[in-house]
Amino acid sequence: MKNIHDKLDKRIIDWLNILVLLGSLAIIASLSYDILTVGRYRPDSKMTLGIQLVVCSIFILDFIVRWIISPRKGRFVVHNLILLLFSIPYLNIVHYAHLDIPHEVHYLLGFVPLLRGGYGLVMITRWFTSRSATSLMVSYLAILTAVTYFMSLIFFVAERGINTAVTTYWDALWWACMDLTTVGSNIIAVTTIGKILSVILAAAGMMMLPIFTVYITDRVVNSRTRAARKPPVQTPPAGNGQAAPPKAS
């Protein structure tokens, strides 16, 4: 009976992972469409509100089902409380409750589900990988890619029209890549949000980029260790070119 329950729980988790993946892609695509085509983020548009409500509902459903399945519900809530907070559709609450909040806060609330979507993509990436070392490495790659992309979108929205060096999204992406590697670029943030993002990206790069060196070093050492453990190949002694007679049975 326990095996049946375990298989059922695993199947439910697999379907939830797929839903979270689709929801994460939808929220990222919606935000990217607004910024890259319209040139600005529209948190009050019907499309944005509708997508955020559906996707956040999926995220909350994922949290509730995992909480029900979890044998230690209190610990699960403590460890995943931030994910629950990131899953709440704040934009819809503000819109339907007609709350009067500052424009900057209202604008930033639209990016909150994006954080949950990025985390969902990282977890799905680990779900698709089998080896622990490879899974960790792929997860870090996914995190770096997601952080760079999200930060570049926010930086583009914050600096466009104010910073003369940021005229297209590709300028913001170039800034994000160079700032992440701590090399720096000719684009300097002038807004408060841009300066905060500069510090976050540089700190993330300093913390995460050395992991690649550790991973490559570990792979090289393991490869050499396996090669050293292999038994030497036995070569037959040189003979006169005639085949050895068969052994008597």
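Refer to the structure printed above.
### With respect to the overall build of the protein chain
Then, number 1: Within the protein chain, the secondary structure is distributed over 10 helices and 0 strands.
Then, number 2: Its helices and strands taken in sequence order, the protein chain reads α-α-α-α-α-α-α-α-α-α from the N to the C terminus.
Then, number 3: A burial count over the protein chain gives 34% of its 249 residues as buried.
Then, number 4: Here the protein chain has roughly 15,900 Å² of accessible surface; of this, 68% comes from carbon and sulfur atoms.

### Description of the packing of aromatic side chains
Then, number 1: Overall, the coordinates contain 6 aromatic pairs when judged by the stated rule.
Then, number 2: Judged by centre distance (6.1 Å) and plane angle (55°), the ring pair of Y149 and F150 falls under tilted.
Then, number 3: The class of Y149 is partly exposed, set by a relative accessible area of 24%.
Then, number 4: Seen in terms of ring centroids, F155 and W175 are 3.7 Å apart; in terms of plane orientation they differ by 10°. Their pairing is stacked. Of this pair, F155 sits in helix 8 (residues 132–159) while W175 sits in helix 9 (residues 169–180); the two residues are 20 residues apart in sequence, bridging distant segments of the chain.
Then, number 5: For F155, a relative accessible area of 0% gives the class buried.
Then, number 6: Of the residues examined, W175 reaches a relative accessible area of 2% and is grouped as buried.
Then, number 7: Ring pairing ties together the aromatic residues Y149, F150, F156, Y169 and W170, which thus form one cluster.
Then, number 8: Directly above the ring of W67 sits K73, whose terminal nitrogen or CZ lies 5.8 Å from the centroid.

### Section: the side chain of S198
Then, number 1: Structurally, S198 is set in helix 10 (residues 192–229).
Then, number 2: Residues contacting S198, with those up to four places away along its chain left out, are W175, D179 and A189.

### Structural notes on a nonpolar patch on the surface
Then, number 1: Together, W15, I18, L19, L22, L25 and L61 make up an exposed nonpolar region whose accessible area comes to about 580 Å².
Then, number 2: Broken down by element, the residue count for the nonpolar patch peaks at 5 residues, all from helix 1 (residues 2–38).
Then, number 3: Along the chain, L25 falls in helix 1.
Then, number 4: According to the relative accessible area criterion, L25 is partly exposed, its value standing at 43%.

Conventions and cut-offs
- Residues numbered from 1 in each chain as written.
- Predicted model: local features only at pLDDT ≥ 70, side-chain atom pairs only at ≥ 80, totals over all residues.
- Heavy atoms only, no water.
- Helix = DSSP H or I, 4+ residues; strand = E, 2+ residues; numbered from the N terminus.
- Buried < 20%, exposed > 50% of the residue type's maximum accessible area, 1.4 Å probe, protein only.
- Areas by Shrake-Rupley, 256 points an atom, 1.4 Å probe, with all protein chains shown as cover.
- Phe/Tyr/Trp six-rings, centres within 6.5 Å; stacked < 30°, edge-to-face > 60°.
- Lys NZ or Arg CZ within 6 Å of the ring centre and 35° of its normal.
- Contact = heavy atoms within 4.5 Å.
- Patch = residues over 30% accessible without salt bridge, like charges linked within 9 Å, V, L, I, M, F, W, Y side chains within 5 Å.
- Salt bridge = Lys/Arg side-chain N within 4 Å of Asp/Glu carboxyl O.

From the geometry alone we can't say anything about function, so treat these as descriptive.
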